[in-house]
Amino acid sequence: SVQPCYRQVLDAADWVLASDQEHRTEKNWIVYRGTELRGELMKQYHQKFSGVTPHRILIHLPSEAISPAGYSWFNSFAEALSYVGVPVRTLSWDDNSGKVFDSFKPTIFLTSDAVDYLSRLDWPFIAQYRAKYLCSLGLTASLQEYGNSPLWERLDWARRHRVSFYYSFRPAEYLQTRREYQPFYDEGYRILTLEFAANPIHHYPVSSSRKLADYVFLGSSNPDKWPRYCEFFHGIIKKYNGFVAGPGWPFANGYIMNAARDRFVYSLARIGLNLSINEQIQWPCELNERTYILAACGIPQLLDNPALLPARFSAGSVFSADSGRAYCRLFENMLADPGECEARAVRALEEVFAQHTLFHRIDSFLQQLQLLESSTG
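Just so it is clear, the model here is predicted, and its values are computed rather than measured.

**Overview of the overall build of the protein**
Regarding its fold elements, the protein presents 17 helices and 11 strands. Over its C-alpha trace the protein gives a radius of gyration of 21 Å, about what one expects of a compact globule, namely 21 Å for 377 residues. For the protein, the C-alpha atoms occupy an extent of roughly 65 × 40 × 35 Å along the three principal directions. For the protein, the residues scored as buried account for 54% of the 377 residues in total. Within the structure as shown, the protein displays about 17100 Å² of accessible surface, and the carbon and sulfur contribution to it stands at 51%. With 38 positive and 40 negative side-chain charges, the protein shows a spacing of 2 Å between the two charge centroids.

What follows is the structure in structure tokens.
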């Protein structure tokens, strides 16, 4: 078997989740610290914006089959918006957009600048709605260089449909320095930032009295990622006992990502593996969501060297390597030094709960919206 502990880890995580044993097992320092930090954050942000923000946000949700990651992330974003007191609703792939607009009365509608999304919407009705009610339209700011349609065509469409702003999962410093984004600014648009983050509703450390796996990796297995998987994971998978699952892995028995269960899966492993895509290595454009999730779950994290990493986490909070051989060697060093692993996991935990949760991202996003509205009158 490729993963001899697969069933054992999955059964253990399912049992803890189903039996509500989360707080009945012995807690270690990481769990105590995570519980403390999460408790403070949840209290600080609970309904913080209720009655304060005028916005009602409608989010266009892709189907899980078309975009598992997008479906998961936008659902998580909507859940966090609701927790902090922002009225929110998701518009599912096959929903009647006219009926949803008419019943929810959004003041902001977020969708993607991609034909698969835009073609599913009733634009004549949306135009009528926006003529009657104040409703800003936000699209993702995507570059032609990564397989999207020509930008001039999409900007022409944006003018005709009165797009209000664009938004991106990339940081402001990247957007403002990469020249390919300049046409958005030339057309007078602002690009708001909404970086990936952990969701503290689900992502936090939990106790585990035993470690069933040497490593865990939860993520999709797309063909374009295989060269890096082979380079970085091969030496570890062939020698150590671990748990790999997510959409596309043929040996994962159809594992479905579940944030509530995934934290228990993470807790049963000694080390969390993480890898970036080539674009994240070449440009300081983003850290994948898994980087923040592993930190929030208190799991010692081994990753490669995404260019944005030094700007988001301190050097002593994660383990990183720039080649498959160094990655495997560092993994072995981590197994031999659990004390250093715990020390770094605690630092990463503290950093993510201080500034890299969805609550922080929402706070920033609402401030950006306020600045946008004040500048446009």
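Now that the structure has been shown, the text picks up again.
**Structural notes on the pattern of salt bridges**
In this structure the tally under the stated criterion is 21 salt bridges. Across the salt bridge formed by glutamate 350 and arginine 33, the nearest N and O atoms sit 2.9 Å from each other. Of the two residues, glutamate 350 is situated in helix α16 (residues 338-355) and arginine 33 in helix α2 (residues 29-45); the sequence distance between them amounts to 317 residues. For glutamate 350, a relative accessible area of 29% translates into the label partly exposed.

**Describing the sheet that holds strand β8 (residues 242-245)**
Taken in spatial order, the 5 strands line up as β8-β7-β9-β10-β11 in an open sheet, and their pairing is parallel. Each edge of the open sheet carries a strand with a single partner, namely β8 and β11 (319-320). With 4 bridges joining them, strand β7 (residues 213-218) and β8 adopt parallel strand pairing. Counted as the bridge partner of leucine 218 is alanine 245 from β8.

**Focus: the nonpolar core**
Judged by nonpolar contacts, the single largest core of 99 residues is most densely connected at Phe77, Phe243 and Leu273. With near-sequence residues (within four places) excluded, leucine 273 lies in contact with Tyr215, Val216, Phe217, Phe233, Ile236, Arg290, Leu294, Leu302, Tyr327 and Phe331. In this structure, Val100, Phe104, Phe109 and Leu139 belong to the second largest nonpolar core, which totals 29 residues.

**Some details on the packing of aromatic side chains**
In the structure shown here, the tally under the stated rule is 34 aromatic pairs. Measuring from ring centre to ring centre gives 5.2 Å for phenylalanine 169 and phenylalanine 196, while their planes differ by 15°; the resulting arrangement is stacked. Of the two residues, phenylalanine 169 is situated in the loop between β5 (165-168) and α8 (172-177) and phenylalanine 196 in the loop between β6 (191-193) and β7; the sequence distance between them amounts to 27 residues. The two residues phenylalanine 169 and phenylalanine 196 agree in class, both being buried. Taken together through their ring pairs, the aromatic side chains of Trp73, Phe74, Phe77, Tyr167, Phe169, Phe196 and Phe365 make up a single cluster. Across from the ring centre of tyrosine 204, 3.9 Å away, lies the NZ or CZ of arginine 38, which sits over that ring. Sitting over the face of the ring of phenylalanine 319, arginine 344 holds its NZ or CZ atom 4.1 Å from the ring centroid.

**What about the sheet that holds strand β1 (residues 57-60)?**
Ordered by their spatial adjacency, 6 strands build an open sheet running β2-β1-β3-β4-β5-β6, and the pairing between neighbours is parallel. Each of the sheet's edge strands pairs with one partner strand only, and the pair in question is β2 (88-91) and β6. Neighbouring strand axes in the sheet, compared pairwise and without regard to direction, differ in orientation by 25° on average. Relative to strand β4 (residues 136-140), strand β3 (residues 108-111) runs parallel, the two sharing 4 bridges. Bridge pairing links threonine 111 to leucine 139 in β4. Across the face of the sheet, helix α17 (residues 358-376) comes into contact with β3, β5 and β6 while running at roughly 155° to β6.

**Considerations on α2**
Relative to the 24 Å expected for 17 residues at 1.5 Å per residue, α2 spans 24 Å between its end C-alpha atoms, a close match to the ideal helical length. Ile30, Val31, Arg33, Gly34, Leu37, Leu41, Met42 and Tyr45 are the residues of α2 that are buried. Axial view of α2: buried residues confined to an arc of 160°, hence all on one face. In α2, the exposed positions angled more than 90 degrees off the buried face are occupied by Tyr32 and Lys43. Where α2 is buried, its residues touch α3 (68-83), α16 and α17. For α2, the N-terminal capping position is held by asparagine 28, with its side-chain oxygen 3.2 Å away from the main-chain nitrogen of isoleucine 30. Phi turns positive one or two residues past the end of α2, at glutamine 47, with a value near 55°.

**Focus on helix α7 (residues 151-160)**
Of all the positions in α7, only Leu151, Arg154, Leu155, Trp157 and Ala158 are classed as buried. Burial along α7 is one-sided: seen end-on, the buried residues are contained in an arc of 155°. In α7, the exposed positions that point more than 90 degrees away from the buried face belong to Trp152 and Arg160. Tucked into the core, α7 has its buried residues touching α5 (115-118), α6 (123-132), β4, β5 and α9 (182-186). Phi turns positive, to about 55°, at arginine 162, one or two residues after α7.

**Focus: unusual backbone geometry**
Phi at lysine 105 is positive, roughly 60°, even though this residue is not glycine. Note that lysine 105 resides in the loop between α4 (97-104) and β3. Judged by its relative accessible area of 28%, lysine 105 is partly exposed. Within the chain, arginine 162 stands out as a residue other than glycine whose phi angle is a positive 55°. Here arginine 162 shows up in the loop between α7 and β5. By relative accessible area, arginine 162 is classed as partly exposed at 49%.

The rules we used
- Residues numbered from 1 in each chain as written.
- Predicted model: local features only at pLDDT ≥ 70, side-chain atom pairs only at ≥ 80, totals over all residues.
- Heavy atoms only, no water.
- Helix = DSSP H or I, 4+ residues; strand = E, 2+ residues; numbered from the N terminus.
- Rg over C-alpha atoms; globule rule 2.2 N^0.38 Å.
- Buried < 20%, exposed > 50% of the residue type's maximum accessible area, 1.4 Å probe, protein only.
- Areas by Shrake-Rupley, 256 points an atom, 1.4 Å probe, with all protein chains shown as cover.
- Lys, Arg positive; Asp, Glu negative; His and termini not counted.
- Charge placed at Lys NZ, Arg CZ, Asp CG, Glu CD.
- Salt bridge = Lys/Arg side-chain N within 4 Å of Asp/Glu carboxyl O.
- Pairing = 2+ DSSP bridges.
- Core = buried A, V, L, I, M, F, W, Y, C linked by side-chain atoms within 4.5 Å.
- Contact = heavy atoms within 4.5 Å.
- Phe/Tyr/Trp six-rings, centres within 6.5 Å; stacked < 30°, edge-to-face > 60°.
- Lys NZ or Arg CZ within 6 Å of the ring centre and 35° of its normal.
- Axes fitted to C-alpha atoms, helices over the stretch in contact; angles between N-to-C directions.
- Expected span 1.5 Å × (residues − 1).
- Arc of directions from axis to C-beta.
- Polar contact = N/O pair within 3.5 Å; in protein donor to acceptor, adjacent residues only side chain to side chain.

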